[in-house]
Amino acid sequence: MEKGNKIYEGKAKKVYETDNPDLLIQEFKDDATAFDATKRGTIKGKGSINNYISKILFELLESKGVETHFVKQIDERNMLIKKVEIIPLEVTIRNIVAGGMSKLLGIDEGMVLNEPVLEYHYKNDALHDPLINEYHARALGLIKDEELNIIEKKSFEVNNILKSFFDHKNLYLVDFKLEFGRHKGKVLLADEISPDTCRLWDKDTRKKLDKDRFRRDLGDVEDAYEEVLRRIKG
Ligand code: 5GP
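Residue numbering note: each chain is counted from 1, following its sequence as written. Given that this is a predicted model, residues contribute local features only at a pLDDT of at least 70 and side-chain atom pairs are listed and counted only at 80 or more, while totals for whole chains, interfaces and linings are drawn from all residues. Each side-chain value is worked out from all heavy atoms of the structure, with water and hydrogens disregarded.

## Comments concerning the packing of aromatic side chains
Then step 1. Pairing of aromatic rings covers Phe, Tyr and Trp, the last through its six-membered ring, and needs centres within 6.5 Å; plane angles under 30 degrees mean stacked, over 60 mean edge-to-face, and all others mean tilted. Across all of its chains, the model carries two aromatic pairs by this definition.
Then step 2. A ring pair is formed by Phe58 and Phe70, whose centres lie 6.1 Å apart and whose planes are at 25°; its orientation type is stacked. Of the two residues, Phe58 is situated in helix α1 (residues 46-63) and Phe70 in strand β6 (residues 70-73); the sequence distance between them amounts to 12 residues. Note on accessibility: Phe58 and Phe70 belong to one class, buried.
Then step 3. Ring centres of Phe165 and Phe166 lie 5.6 Å apart, and the angle between their planes is 70°; on these two criteria the pair is classed as edge-to-face. You'll find Phe165 and Phe166 in the same group, each marked buried. The helix count covers DSSP runs of H or I at least four residues long, the strand count covers runs of E at least two residues long, and both are numbered beginning at the N terminus. Each residue's exposure class comes from its accessible area (1.4 Å probe, protein chains only) as a fraction of the maximum for that residue type: buried when under 20%, exposed when over 50%, partly exposed otherwise.

Below, the structure is given as structure tokens:
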């Protein structure tokens, strides 16, 4: 499948047209940004690792009945995907308190939640992806009620599948962010699932094996991404 025009370039990925109007190519970059791109850097090998990790996780989810935009891996950095219209909502699921929730509520990182917490954030960098609820989402016309119900159900399904998968790899799935898109009347899981978009902690040492190593200058960033890939391949 040949790359056509580039139709989007974001912080971590580029998206290209193909000769099939329903399909796109998603290319994973080594570039890393944090705090709304005020912190920038490169994580060597991240693009190919995140492509591979996303492929494994999308295939796992598809095998359990969760429909995604993933079609196939093309090569190291490129993945063939279904063309979707991205819904401008970021869905976050949290199993353990960290990051934004720790700050928002003044709770130390590491508290295991009694049940998973689902958050919606309005996808808007200029506003720093503000936390909103489902009333905002519907009232602002970001999403229809039926779609919201689908997204909520799918997000918890994804959490159950991924939490148990990572548990077997001796990793806690602390939290993660999902994006969904519309494709031919269906709502598909889109974007990527990788250490850029999930918090993953080693179960024995609680060592962070995700993008927080970059965000917080903790070192060993490349090693952490490689370690996640190594564990989930094995
Ligand atoms: P928090 O709201 O605590 O900053 O993030 C919660 C989870 O969602 C983390 O796993 C984080 O990596 C992911 N996440 C939230 N927003 C973004 C975003 O804009 N980009 C990326 N890559 N991940 C995000």
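## Thoughts on the sheet that holds strand β1 (residues 6-9)
Strand pairs in the sheet, formed through backbone hydrogen bonds, run parallel or antiparallel to each other.
Then step 1. Paired strands, as defined in this entry, are two strands with at least two bridges between them according to DSSP. Spatial ordering of the open sheet is given by β1-β2-β3-β7-β6, a layout of five strands whose pairing is antiparallel. A single partner strand is all that each edge strand has here, and the edge strands are β1 and β6. Looking at each pair of strands side by side, their axes are set apart by 25° on average, direction ignored.
Then step 2. Summarising the sheet, strand β2 (residues 13-17) and strand β3 (residues 23-28) pair through five bridges and their orientation is antiparallel. For helices, the fitted axis covers only the stretch in contact; all axes are lines through C-alpha atoms, and the angles between them, taken along N-to-C directions, range from 0 to 180 degrees.

## Side note on helix α6 (residues 221-233)
Then step 1. For α6, with 13 residues, the first-to-last C-alpha span of 19 Å sits near the 18 Å given by 1.5 Å per residue.
Then step 2. Here α6 has its buried residues at Val221, Ala224, Tyr225, Glu227, Val228, Leu229, Arg231 and Ile232.
Then step 3. In what follows, residue pairs with any heavy atoms lying within 4.5 Å of each other are defined as contacts. In this structure, the buried residues of α6 make contact with α1, α4 (145-168), β12 (171-178), β15 (198-202) and α5 (212-215). The span you would expect from a helix comes to 1.5 Å times its residue count less one.

## Brief notes about the layout of surface pockets
Then step 1. Only protein atoms enter the 1 Å grid used here, on which a cavity is any set of points holding a 1.4 Å probe that cannot leave and a pocket is any open set flanked by protein within 12 Å on both sides along at least five of seven lines; residues with an atom within 4 Å of a point are listed as lining. Grid points are joined across faces, edges and corners, and a volume is the space filled by probe spheres set on the points. Empty space within the second largest pocket amounts to approximately 210 Å³.
Then step 2. Lining the second largest pocket we find 13 residues, and of these Asn95, Ile96, Lys163, Tyr172 and Leu173 sit closest to its centre.
Then step 3. Elements represented by at least two residues in the lining of the second largest pocket include exactly β9 (89-96), β10 (112-122), α4 and β12.
Then step 4. Per element, the largest residue contribution to the lining of the second largest pocket is four residues, and it comes from β10.
Then step 5. Only Asp, Glu, Lys and Arg are considered charged in this grouping, and only Ala, Val, Leu, Ile, Met, Phe, Trp, Tyr, Cys and Pro are considered nonpolar; every other residue, Gly among them, is considered polar. Across the lining of the second largest pocket, the residue classes break down as seven nonpolar, one polar and five charged.

## Points about the domain arrangement of the chain
Then step 1. You can read the domains of the chain as domain 1 (6-82) and domain 2 (86-220).
Then step 2. Averaged C-alpha coordinates put domain 1 and domain 2 at centres separated by 17 Å.
Then step 3. Between domain 1 and domain 2, the contact holds 30 residues from the first and 25 residues from the second.
Then step 4. The term buried area means the drop in 1.4 Å probe accessible area that two parts suffer when joined, counted for both and summed. Roughly 2,500 Å² of surface becomes buried between domain 1 and domain 2 when both sides are summed, with 62% attributable to carbon and sulfur atoms.
Then step 5. When a carboxyl oxygen of Asp or Glu lies within 4 Å of a side-chain nitrogen of Lys or Arg, that pair is called a salt bridge. If you look at where domain 1 meets domain 2, you find seven salt bridges.
Then step 6. What qualifies as a polar contact is a pair of N or O atoms within 3.5 Å, subject to a donor-acceptor requirement within protein and to the restriction that residues adjacent in sequence count only when both atoms come from side chains. Where domain 1 meets domain 2, there are 17 residue pairs in polar contact (both at pLDDT 80 or more).
Then step 7. Counting residues per element, the side of domain 1 that touches domain 2 draws most heavily on α1, at nine residues.
Then step 8. Partitioned by chemical class, the residues of the side of domain 1 that touches domain 2 number 13 nonpolar, seven polar and 10 charged. Bear in mind that the domain bounds are from an automatic or database domain assignment.

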